[in-house]
Amino acid sequence: MPVPQWTITDFTYRESWWKNRAILILNICLILPLLSSTLNGFDSSMMNNLQILPGWQEYFNQPHGMKLGLINSAHSIGILSGTPFSPYVSDLLGRRAAMFIGAAVMLAGVLTQASCTTIQVFLGARVLIGLGMAFSINAAPLLISELSYPTHRGKMTSLYNSLWYSGSVISAWICLGSYDDSGTSPWSWRVPSFVQAAIPIIQMSLIWFIPESPRFLMAKGLESQAARVLARCHANGGDERNPLVAFELAQIRHALNLEREYASGKSYLRCFSTPGNRQRMFTIIWIAVFSQWSGNGLVSYYFNTVLDKVGITQTRTKAAINGGLQIFNLASALVGVMVVDKVGRRKTFLISNIGMLTAFAMWTVTTALFSQSGNVAAARGMFNTLHVSTVPLIFIYFFFYDLAYTSMLVLYTLEILPYNIRAKGFAIMNIVLYSTNAFNSLVNPVALETIGWKYASRQISFMRLIDRPFFVQYLFYCGWLILELLFAMVYIIDTRARTLEETAALFDGVKVRRGIMERTDETAMNLPPYPRLQDSPEAGQTWRSSASPSHFEAQTGESIVGFAR
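Bear in mind the structure is a predicted one, so any value in this text is a computation, not a measurement.

In terms of helices and strands, the protein carries 29 helices and 0 strands. Put simply, the protein has 565 residues, and 58% of those count as buried. Of the contacts made within the protein by residues no fewer than 6 positions apart, 80% connect residues no fewer than 24 positions apart. Roughly 22100 Å² of accessible area belongs to the protein as shown, and the carbon and sulfur atoms make up 64% of that amount.

A word on the packing of aromatic side chains. Enumeration over the complete set of coordinates arrives at 27 aromatic pairs. With 5.5 Å between their ring centres and 80 degrees between their planes, F349 and Y405 make a pair best called edge-to-face. With a gap of 56 residues between them, F349 in helix α19 (residues 345-373) and Y405 in helix α21 (residues 390-406) connect regions that are remote in the sequence. Each member of the pair F349 and Y405 is classed as buried. Arranged with centres 5.7 Å apart and planes meeting at 75 degrees, the rings of F349 and Y412 form a pair that is edge-to-face. Remark: Y412 occurs in helix α22 (residues 409-416) and F349 occurs in helix α19; sequence separation between them is 63 residues. Taking relative accessible area as the criterion, F349 reaches 1% and is therefore assigned buried.

Buried residues dominate helix α8 (residues 153-162), accounting for 8 of its 10 residues. All of the buried residues in α8 are R153, G154, M156, T157, S158, Y160, N161 and S162.

A separate point is the pattern of salt bridges. Pairs can form between side chains of opposite charge once their charged atoms are near each other. Here the structure, examined in full by the defined rule, presents 11 salt bridges. Residues K424 and D91 are paired through a salt bridge, measuring 3.5 Å at the closest nitrogen-oxygen approach. Taken together, the positions of K424 in helix α23 (residues 419-451) and D91 in helix α5 (residues 86-93) put the pair 333 residues apart, joining distant regions of the chain. Assigned by exposure class, K424 and D91 land together as buried.

Closest axis-to-axis distance for the helix α2 (residues 31-50)/helix α6 (residues 95-115) pair is 12 Å, and the angle between their directions is 30 degrees. With respect to each other, α2 and α6 are oriented roughly parallel. As for the relative orientation of α2 and α6, their crossing is left-handed in sense. Taken together, the residues of α6 that come into contact with α2 (itself represented by L32, P33, S36, L39 and M46) are M99, M106 and Q113. The class makeup of the residues in the contact of α2 with α6 is 6 nonpolar, 2 polar and no charged.

Let us look at the nonpolar core. One finds F349, Y397 and M429 to be the most contacted residues of the largest nonpolar core, which totals 101 residues. In this structure, F349 is in contact with A404, Y405, M408, Y412, A488 and I492, ignoring residues within four places of it in sequence. Membership of the second largest hydrophobic core comes to 15 residues, among which are L50, C116, L123 and W189.

A residue-level look at the protein finds 72% of positions with pLDDT of 70 or above and a mean pLDDT of 76. pLDDT under 50 marks residues 377-388. Its contacts with residues more than four places away, or in other chains, come to 25 contacts. Low pLDDT (under 50) marks residues 527-565, which in the prediction has 67 contacts with non-local residues, meaning those over four places away or in another chain.

The final tally for this structure, using the stated rule, is 0 disulfides. C233 carries a free sulfur, and the closest cysteine sulfur to it, the one in C29, is 6.8 Å from it. C233 sits in the buried class, given a relative accessible area of 4%.

Here the focus is the environment of S36. Checked against the element boundaries, S36 lands in helix α2. A relative accessible area of 0% places S36 in the buried class. Measuring from C-alpha to C-alpha, the distance between S36 and S136 comes to 6.4 Å, with 100 residues separating the pair along the chain. The residues touching S36, leaving out its near neighbours within four places in the chain, are M99, M133, S136, A140, Y160 and Q203. Side chain to side chain, S36 and Q203 meet in a polar contact 2.9 Å long.

In this fold, I394 is placed in helix α21. Distance in space between the C-alpha atoms of I394 and F360 is 7.8 Å, their sequence separation being 34 residues.

The subject of this paragraph is the side chain of Q57. By secondary structure assignment, the location of Q57 is in helix α3 (residues 54-59). Apart from residues no more than four positions distant in its own chain, Q57 is found in contact with Q51, Q62 and P63.

Here S188 is to be found in helix α10 (residues 187-195). A relative accessible area of 0% places S188 in the buried class. In this view, S188 contacts L53, G55, S178, Y179, S182 and G183; residues no more than four positions away in its chain are not counted.

In the Ramachandran plot, N61 falls in the positive-phi region, its phi being about 60 degrees despite a non-glycine side chain. Secondary-structure assignment places N61 in the loop between α3 and α4 (65-82). When its relative accessible area of 65% is taken as the criterion, N61 is described as exposed.

Reading the values: rules and limits
- Residues numbered from 1 in each chain as written.
- Predicted model: local features only at pLDDT ≥ 70, side-chain atom pairs only at ≥ 80, totals over all residues.
- Heavy atoms only, no water.
- Helix = DSSP H or I, 4+ residues; strand = E, 2+ residues; numbered from the N terminus.
- Buried < 20%, exposed > 50% of the residue type's maximum accessible area, 1.4 Å probe, protein only.
- Contact = heavy atoms within 4.5 Å.
- Areas by Shrake-Rupley, 256 points an atom, 1.4 Å probe, with all protein chains shown as cover.
- Phe/Tyr/Trp six-rings, centres within 6.5 Å; stacked < 30°, edge-to-face > 60°.
- Salt bridge = Lys/Arg side-chain N within 4 Å of Asp/Glu carboxyl O.
- Axes fitted to C-alpha atoms, helices over the stretch in contact; angles between N-to-C directions.
- Parallel < 35°, antiparallel > 145°, perpendicular 65-115°, else oblique.
- Left-handed = near helix turned anticlockwise from the far one by under 90°.
- Nonpolar A, V, L, I, M, F, W, Y, C, P; charged D, E, K, R; others polar.
- Core = buried A, V, L, I, M, F, W, Y, C linked by side-chain atoms within 4.5 Å.
- pLDDT = per-residue confidence, 0-100.
- Disulfide = S-S within 2.5 Å.
- Polar contact = N/O pair within 3.5 Å; in protein donor to acceptor, adjacent residues only side chain to side chain.

In structure tokens form, the structure reads like this:
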């Protein structure tokens, strides 16, 4: 008898997801870990927004140079301090426990920040918030990717990082409203800090009411609990004999067995112990670097200074422009979420890099010509020679940046990592990410103060402009974006329409991929022929009635061992 060539899509629900009660409840539960990204965006954007407020500037005596760089990088320093330990907590105690610990530490930091009276306490609070954030942003995306319904995993995981901008939008507009209400009072910056406490309180209160990752439960030997979670979340009615549940359990079990066979140990060295793992980490490290060093830092960290030097000095105008940019970024990232499963990962990365390179090159030219002419109106949108301006090009650039490097950075990282190194590999990605972030935050204000942004107020020739360090930085990013495009063409492989286990196996050679497919085929041989479950309710009932109850009861006891033996 030929083995039926089934894939996970043969078992998934294909009607509107909100009509399936189990999937609807699951997606509602996943809002809680998604809030970690919103909180990260809120806090990461906090300093950019507070710098716009006169009340904050006056209270802390106009910090600048190294002091400003230290304040801006304190959040990243806190994350870097906690990230090496966060995967051990996630793997030992579970994804939910790590999120709870992170939320508790962040709440302490937020309350300290909101009530501080000195710059030293403010710095300590920023580091404490970052420390808690390290545990939250490590565990939350793991829980989302490992718990999501199979056909929703790509969208839900890409939505996670995209919601960073939702926090950024909330932060920008709360700071604007606080300024309108409190003016230069210290409450103009204390109120946004108190608002920040809402998400940690919500997560601490509700985290134990959502399911744990079934892959974590399987790795701990709790297969019956994993089966119940998958049945409750992926099978409408909680039927542990559902073919989708059986298929997922078989793949997870065999993938874990293969991972134990091919790699051992619990240290970070495991991430580099095999050729497949080294290829994964090479790709992950570089896309993390690209996400921070693609020219986006020129605006992301010092938007206040950028606007000052193009003649926009009104506080409310700055806050409104910043809020508008964050809304645009959120919309752009959501576009990436919608196309990620239709276009595919590789094509999305290529489109993003080509668009970023084109927009940034034009941005460089308009900046150079504006600097040469000293025409402030040109930067605001009246540059008649090229009929484009610097500010609109910044928006265009961020559209292409958000398309891939916001929506797919976390998704692609988690997809290509096998379970045994997923938490640690993701932690390494975060270490690289926030190391480059801290470097940008710490060094940029010193560089800007040294350079003085004098190109914006002097009449200088184009050749003299090229010699200036800041313009050389623009040219460097143009060359860097070319390297990013070449990297995407060579190293990014498409992972669309695969389970986590199948995707992770792409890097481990033919033998491992063949092993997973053979075990999946063995699982398929144990499943009787059935009409597609999505065709009608009767089809699902027909399949269940055609199966032998005794056969399935043997698979879903305390140790579910039959499907991938």
